[in-house]
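Residues per chain, in single letters:
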2 protein chains.
Amino acid sequence: MKVIELKESVTASNEADAERLRAKMKQEGVLLVNVMSSPGSGKTTLLSALIRDSRETKLKIGVLEADIASDVDAAAVEKLGARSIQAHTDGMCHMDAGMTARALEEMGTKDLDVIFLENVGNLICPAEFDTGSGLNLMILSVPEGDDKPLKYPLMFETSDALVITKTDAMPYFDFDAKRCAERVRKLNPDIRIFPVSAVTGDGMPELEHWLAAKISDWQTGASPAKR
Amino acid sequence: MKVIELKESVTASNEADAERLRAKMKQEGVLLVNVMSSPGSGKTTLLSALIRDSRETKLKIGVLEADIASDVDAAAVEKLGARSIQAHTDGMCHMDAGMTARALEEMGTKDLDVIFLENVGNLICPAEFDTGSGLNLMILSVPEGDDKPLKYPLMFETSDALVITKTDAMPYFDFDAKRCAERVRKLNPDIRIFPVSAVTGDGMPELEHWLAAKISDWQTGASPAKR
């Protein structure tokens, strides 16, 4: 498995880097999905479920794992057969567009439908940096609690979809899904919300159906190249 | 409840600010404990349990809540009778020593034994900034998984103690406590590890006993004012 050591991009503008990467991905017909969440919310488990299901969904998936240290996540998704690369961020709390572009170049993007960038586990800093993605997905796990939209508003505002994971643990935690959705929609009325359990498979078909439609839009040019 | 709006400190040296605050707290006999963790790991729930138990432990507790937005945490601990203040960090992902000193001045530190600074929920950035605390406590909740020491090593290295929370949820998650402890001790051989459940109360007496000893050391001068 490939590991790439990155450093913060020293460029004139992260926005310009992001637009350049987005245009390149659009031209190649590959949707880059920036996946953001707290540490331990289940990003890798969700991606593993999407990869396993790709035998049926027929999606060709690549994964760019970004972490400060270790390569356990990339090893996990590679074992499932997905093309993957592990990026180390040199202690940085987020990925920028230049870092993302370098890692994707190293991994190779050809013949893929979708690439998931598993951003550094952090509910704050990644929301401030455009990575060049075509779609922003955030994950909130049930054990984290339904008050997170109150405390980390920017992350909810910048995401196209919220995946609520570990719903199988709902009986053991004080998580009010309705209250959570209200808080989220107050920040971002257009956000899509998908409650899922990667363990039981509940909610996965709805998420996969939506993702497939987004990928198809991206490839046929029906959606504008914006974040 | 008091809410203070902070901005990043513009000073020559965060280290100097931290040493100054530590010396002041030492002189007053108040132990400042910097509590760090991911979002939703149970910091406020743990502090609430410590406050409730203070009827028996006789500790006079103050709480400085640091968040990007909202005041739900300070409201929760104030309802339990603890002196508290809510600090907003102007979008910042961590507290620095100058911000901490300003918030403590606003709250008042007199007649307290211990003040818990509930840092911004983030497993990366807070570990890089000395807040002027006499003790660093980190929390890892069972649902986050036992691989976190591999991915966020600095946080584990800079902490005096690790509190593993939500142990009551152990049956529902794949969390290997022994493997976690091995990974943590490889980074920080001297760290103390306390598995607790604030819901059932399991492990709380051991943590409280250790904290009381640390406070007593701090007040009698037996421990050096370092961090």
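What counts, and at which threshold
Residues numbered from 1 in each chain as written. Chains lettered and ligands numbered in written order. Predicted model: local features only at pLDDT ≥ 70, side-chain atom pairs only at ≥ 80, totals over all residues. Heavy atoms only, no water. Disulfide = S-S within 2.5 Å. Buried < 20%, exposed > 50% of the residue type's maximum accessible area, 1.4 Å probe, protein only. Axes fitted to C-alpha atoms, helices over the stretch in contact; angles between N-to-C directions. Helix = DSSP H or I, 4+ residues; strand = E, 2+ residues; numbered from the N terminus. Contact = heavy atoms within 4.5 Å. Nonpolar A, V, L, I, M, F, W, Y, C, P; charged D, E, K, R; others polar. Core = buried A, V, L, I, M, F, W, Y, C linked by side-chain atoms within 4.5 Å. 1 Å grid on protein atoms, 1.4 Å probe; cavity = no way out; pocket = protein on both sides within 12 Å on 5 of 7 lines; lining within 4 Å. Points joined across faces, edges and corners; volume = space filled by probe spheres on them. Pairing = 2+ DSSP bridges. Least-squares fit on C-alpha atoms with pLDDT ≥ 70 in both. Buried area = accessible area lost by both parts, 1.4 Å probe. Salt bridge = Lys/Arg side-chain N within 4 Å of Asp/Glu carboxyl O. Polar contact = N/O pair within 3.5 Å; in protein donor to acceptor, adjacent residues only side chain to side chain.

Sorry if this is basic, but what is going on with the state of the cysteines here?
Disulfide: a covalent bond formed between the sulfur atoms of two cysteine residues. Residues and elements named next belong to chain A. Evaluated as defined, the whole model comprises zero disulfides over all chains. Cys93 provides the cysteine sulfur closest to Cys125, a residue in no disulfide bond, and the two sulfurs are 3.3 Å apart. Judged by its relative accessible area of 4%, Cys125 is buried.

I would appreciate a short explanation of the packing of helix α1 (residues 14-28) of chain B against helix α4 (residues 97-107) of chain B in the present structure.
Think of two packed helices as two axes; the pair is described by the angle between the axes and how far apart they sit. Residues and elements named next belong to chain B. Close contact between α1 and α4 brings their axes to 8 Å; oriented N to C, the two are set at 35 degrees. In this structure, α1 contributes Asn14, Asp17, Ala18, Leu21 and Met25 to the contact, and α4 contributes Ala97, Gly98, Thr100, Ala101 and Leu104. Split into classes, the residues belonging to the contact of α1 with α4 amount to six nonpolar, three polar and one charged.

Got a minute to help me understand the nonpolar core in this structure?
A general feature of soluble globular proteins is that nonpolar side chains tend to end up buried together. Counting 142 residues, the largest nonpolar core has Phe116(A), Leu162(A), Leu207(A) and Phe116(B) as the members making the most contacts within it. Setting aside chain neighbours within four positions, we find Phe116(A) in contact with Val33(A), Val35(A), Leu47(A), Leu50(A), Ile61(A), Gly62(A), Val63(A), Leu64(A) and Leu211(A).

Whenever I open this one, empty space enclosed by the protein confuses me. Can you help?
Think of a ball as big as a water molecule: rolled over the atoms, this probe shows where empty space is left. The full count for this structure, using the stated rule, is three cavities of 30 Å³ or more. Its boundaries defined by the atoms lining it, the largest cavity holds a volume of some 60 Å³. For the largest cavity, the lining is made up of 14 residues, of which Gly40(A), Ser141(A), Glu144(A), Ser141(B) and Glu144(B) are closest to its centre.

What is the right way to read the sheet that holds strand β4 (residues 83-88) of chain A from this model?
Residue and element names in this part refer to chain A. The eight strands lie next to each other as β1-β4-β3-β5-β2-β6-β7-β8, forming an open sheet whose pairing is parallel. The two strands at the open ends of the sheet, each matched to only one other strand, are β1 (2-5) and β8 (192-195). Within the sheet, the average angular offset between the axes of one strand and its neighbour, ignoring direction, is 20 degrees. Contacting β6 (135-141), β7 (161-165) and β8, helix α7 (residues 177-187) runs over the sheet at an angle of about 155 degrees to β8.

How should the relation of the copies chain A and chain B be read in this particular structure?
To go from the first copy of the chain to the second, apply a rotation about an axis and then a shift along the same axis. When chain A is fitted to chain B, the residual RMSD is 0.0 Å, and the transformation amounts to a turn of 180 degrees plus an axial shift of 0.0 Å. Viewed as a symmetry operation, the transformation between the two copies matches a two-fold axis. Counting the interface residues of chain A, we find that 100% of their copies in chain B are interface residues as well, pointing to one common contact surface.

Is there a simple way to think about the interface of chain A and chain B in this case?
Much of the literature gives interface size as the accessible area that the parts lose upon coming together. Taken together, the contact pairs 30 residues of chain A with 30 residues of chain B. Approximately 2,300 Å² of surface area, both sides summed, lies buried where chain A meets chain B, with 65% of it carried by carbon and sulfur atoms. Per-residue buried area on chain A facing chain B is highest for Pro39(A), Ile124(A) and Lys151(A); these three make up 24% of the total on that side. Here chain A is connected to chain B by two salt bridges. For Lys151(B), the salt bridge is made with Asp73(A), and the minimal N-O distance between the two is 2.7 Å. At the junction of chain A with chain B, the criterion picks out six residue pairs in polar contact (both at pLDDT 80 or more).

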